[in-house]
Amino acid sequence: MNLINKKVTHKRFGTGSIVKHNDSTIEIHFATESKKFIFPDVFGKHLKLHDESAANSLEKIIQQREIEQKKEEQKKEEEKKLQRKKQELRLEYEKLMNNHKLHPKSQMVFWCDIEEQSSSFSEWKVFSGAIKSGTNKGKPNKPIRLHQNSAVLLTAIDSNMPEKDRRILGVYMVNEDFIGKLCEDGYIPAHSKYKLQLTEQEANQMLFWKYYVNEKSPQNMTWKTGKYRYFDNLWMAQILHDIVSLKSDPTERELAQQFLKHFCKMNQITEQELSKPDGALMRI
């Protein structure tokens, strides 16, 4: 708006006339001197326009400016809260890292449905599912045992096949900085390097129940509910060891060997410890 030559009254300097103004400053010539002020902040408390129409228009501008300032302040406050939350998570992460103790059963086997058999490998992540009951019903399950030493085993079974024929489709280490206790969305992403997909022929040779056993019911092969189960670190090492033997492609075999070596290091396992699989299938 054009305020040049508009008459004003200042509480201290008296009556004057506007000679210059832009988006941030305004210059007013009083009886004996010219003064510059911050625009439009000076209006309201210190400066009054004589022209009523111009004053109303300016009031709308000031109100709009105040609304924008409040939005900006809210945005800054939200950013501060986000930074504080990130700081809290970082401190909690460091605490969990420093105090972490290896759990002997900190590996996960995941049941892939038909859709997940494709998406698990294209996106290299799985969803732990939602809580079915209680106060947290509907919220994602937290895979609390998973840590940087954990791997996720991807398995599936055809609808017309018995549970004992469940196949291993692939496996991946969890992402480098993943901690299950801090997982809010239920998604478990893969490590940038250590991830393997089996061919159909390889999967047919890698039956899950060859390695897994329910100690309470050693010959029982059932999976009634849930998307995942935790299982023994040594069993995962056995599986990785056998995948290395299956891989004929030199590049994939090399990656599988590196995967196994990394896994054993993270879980404080020596390959000499590995015995032959002794899962439920082997006890029939």
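Parameters at a glance
Residues numbered from 1 in each chain as written. Predicted model: local features only at pLDDT ≥ 70, side-chain atom pairs only at ≥ 80, totals over all residues. Heavy atoms only, no water. Pairing = 2+ DSSP bridges. Helix = DSSP H or I, 4+ residues; strand = E, 2+ residues; numbered from the N terminus. Axes fitted to C-alpha atoms, helices over the stretch in contact; angles between N-to-C directions. Buried < 20%, exposed > 50% of the residue type's maximum accessible area, 1.4 Å probe, protein only.

### Overview of the sheet that holds strand β11 (residues 228–231)
Sheet architecture is open: 6 strands sit in the order β7-β10-β9-β8-β6-β11, paired in mixed fashion. Of all strands in the sheet, those with a lone pairing partner are β7 (125–127) and β11, marking the two edges. For this sheet the average axis-to-axis angle between neighbouring strands, irrespective of direction, equals 35°. Taken together, the 4 bridges between strand β9 (residues 167–174) and strand β10 (residues 187–197) define a ladder with antiparallel strand orientation. Residue pairing for β10: Y172 is matched across the bridge by K195.

### Examining the pairing of strand β1 (residues 7–10)
Of the two faces of β1, the one lined by V8 and H10 is fully buried and the one lined by K7 and T9 carries no buried residue. Bridge count for β1 against strand β2 (residues 14–21) is 4 bridges, and the pairing is antiparallel. Across the sheet, the residue bridging to K7 is S17, located in β2. Connecting β1 to the next strand, β2, in antiparallel fashion are 3 residues. Bridging between β1 and strand β5 (residues 47–49) involves 3 bridges; their strand directions are antiparallel. Bridge pairing links T9 to K48 in β5.

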